[in-house]
Amino acid sequence: MKKIKLSPSALSCNFANAGVQIQASRDGGAEYLHLDIMDGAFVPNISFGPELIASIRKHTKLIFDVHLMINDPIRYVDRFVKAGADMITFHIESTDDPEAVIRAIASHEMRVGIAVSPKTPVETIFPYLPKLSQVTIMTV
């Protein structure tokens, strides 16, 4: 039987108490921390960047599942790796060259994920499946 892995989103954190809330997630059984990175262009919201990830990386051993909801994600792969990401998921719609993004992430010996927005046919990701550790099907 496969083990269910919890990955609470840091977006629901009160950042004034982030350390306490992240610890509570771990104490509650979470092994992952989902970090939604939004640029205000690919999606309308803006969240946070590698600096925040680096600051919380020092305080937890949770696996950082970094979800890039940004245009041209290859530009930031190295920065998120340096900040402490353990795995990076990018949107198939955010780049003209998904293969290059996969290679960039994998070159750091990291797990790679692809996310698919609701209006994108899921078949779009089929050619990349053998290279992925995770697929995220967006439902919002």
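If you're wondering where the values come from, they're calculated on a predicted model, not measured in any experiment.

Engineer: Break down a nonpolar patch on the surface for me, citing the residues and quoting the values.
Structural biologist: Taken together, the side chains of Val122, Phe126, Leu129, Val135 and Ile137 present a nonpolar region at the surface, about 400 Å² in accessible area. Relative to the helices and strands, Leu129 is located in the loop between strand S4 (111–116) and strand S5 (134–137). Owing to a relative accessible area of 37%, Leu129 belongs among the partly exposed residues under this scheme.

Engineer: Tell me about the packing of aromatic side chains, and name the residues and values.
Structural biologist: Within this structure, the stated rule accounts for 0 aromatic pairs. A cation over a ring is seen here: Arg57 above Phe64, with NZ or CZ 3.7 Å from the ring centre.

Engineer: Go over the pairing of strand S1 (residues 32–38) with me, naming the residues and quoting the values.
Structural biologist: For a regular strand, the rule is simple: side chains alternate between the two faces of the sheet. Taking burial as the measure, the 7 residues of S1 include 7 buried ones, the bulk of the element. With burial as the criterion, each face of S1 is covered, one bearing Tyr32, His34, Asp36 and Met38 and the other bearing Leu33, Leu35 and Ile37. Two elements, S1 and strand S2 (residues 63–69), share 7 bridges in a ladder whose sense is parallel. Across the sheet, the residue bridging to Asp36 is His67, located in S2. With respect to chirality, the unit in which S1 leads through helix H2 (residues 50–57) into the neighbouring parallel S2 is right-handed.

Conventions used here
Residues numbered from 1 in each chain as written. Predicted model: local features only at pLDDT ≥ 70, side-chain atom pairs only at ≥ 80, totals over all residues. Heavy atoms only, no water. Patch = residues over 30% accessible without salt bridge, like charges linked within 9 Å, V, L, I, M, F, W, Y side chains within 5 Å. Areas by Shrake-Rupley, 256 points an atom, 1.4 Å probe, with all protein chains shown as cover. Salt bridge = Lys/Arg side-chain N within 4 Å of Asp/Glu carboxyl O. Helix = DSSP H or I, 4+ residues; strand = E, 2+ residues; numbered from the N terminus. Buried < 20%, exposed > 50% of the residue type's maximum accessible area, 1.4 Å probe, protein only. Phe/Tyr/Trp six-rings, centres within 6.5 Å; stacked < 30°, edge-to-face > 60°. Lys NZ or Arg CZ within 6 Å of the ring centre and 35° of its normal. Pairing = 2+ DSSP bridges. Right-handed = clockwise from strand over helix to strand, strands pointing away.

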